[in-house]
Amino acid sequence: MPAETPRPAADELEPTDVRPGPAGVIVVGLFAFLSLALVVLGLYFHLEIPSPSSAPPKPFPGPQLETSIDPRSLPADLAGPAAPQTPTPPRLDEALIARAMATIAAKGEHAYDPLPAPASTAGAKP
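Residues numbered from 1 in each chain as written. Predicted model: local features only at pLDDT ≥ 70, side-chain atom pairs only at ≥ 80, totals over all residues. Heavy atoms only, no water.

## A short note on the overall build of the protein chain
Step number 1: Helix and strand counts for the protein chain stand at four helices and zero strands.
Step number 2: For the protein chain, the N- to C-terminal ordering of α and β elements is α-α-α-α.
Step number 3: Classification of the 126 residues of the protein chain by burial places 1% in the buried group.
Step number 4: Counting only carbon and sulfur atoms, one obtains 67% of the accessible surface of the protein chain, whose full area is about 13,300 Å². (Helix = DSSP H or I, 4+ residues; strand = E, 2+ residues; numbered from the N terminus. Buried < 20%, exposed > 50% of the residue type's maximum accessible area, 1.4 Å probe, protein only. Areas by Shrake-Rupley, 256 points an atom, 1.4 Å probe, with all protein chains shown as cover.)

Listed below in structure tokens is the structure:
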């Protein structure tokens, strides 16, 4: 059996369908677009941001007491801080509670069993 001659590695690779001309144009166009965008942004920031030779911003004025308010012109309900009010719990109806406890006690040891299914759905299949 004759020995096979080894094929070059280039023969084993799949052929490329990419043409270098259009791909190069796309890459050059992309770099040109990015360069133009960076130049435009640089010019915009140069125009919008003041140069270091401009005057520094003025500091904010310090807090001052407002003296032009006449306390007699304020409404009476703003006279001072109100005392905190404690919330009032709802009034319990003792008769209603006693009746509910009697109903539970009448059921005995089965008072907390699940409720029975309604008769209309008892014959329905799930």
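What follows picks up the thread again.
## Quick word on the packing of aromatic side chains
Step number 1: The tally for this structure, following the rule as stated, stands at one aromatic pair.
Step number 2: Where Tyr44 meets Phe45, the ring centres are 5.8 Å apart and the plane angle is 55°; that geometry is what we call tilted.
Step number 3: In this structure Phe45 comes out as partly exposed when scored by relative accessible area, which is 46%. (Phe/Tyr/Trp six-rings, centres within 6.5 Å; stacked < 30°, edge-to-face > 60°.)

## Quick look at a nonpolar patch on the surface
Step number 1: Where nonpolar side chains cluster on the molecular surface, the patch consists of Val27, Leu30, Phe31, Phe33 and Leu34 and spans about 520 Å² of accessible area.
Step number 2: Position of Phe31 relative to the elements: it lies in helix α2 (residues 20–48). (Patch = residues over 30% accessible without salt bridge, like charges linked within 9 Å, V, L, I, M, F, W, Y side chains within 5 Å. Salt bridge = Lys/Arg side-chain N within 4 Å of Asp/Glu carboxyl O.)

Remember, this is a structural readout, not a statement about activity or role.
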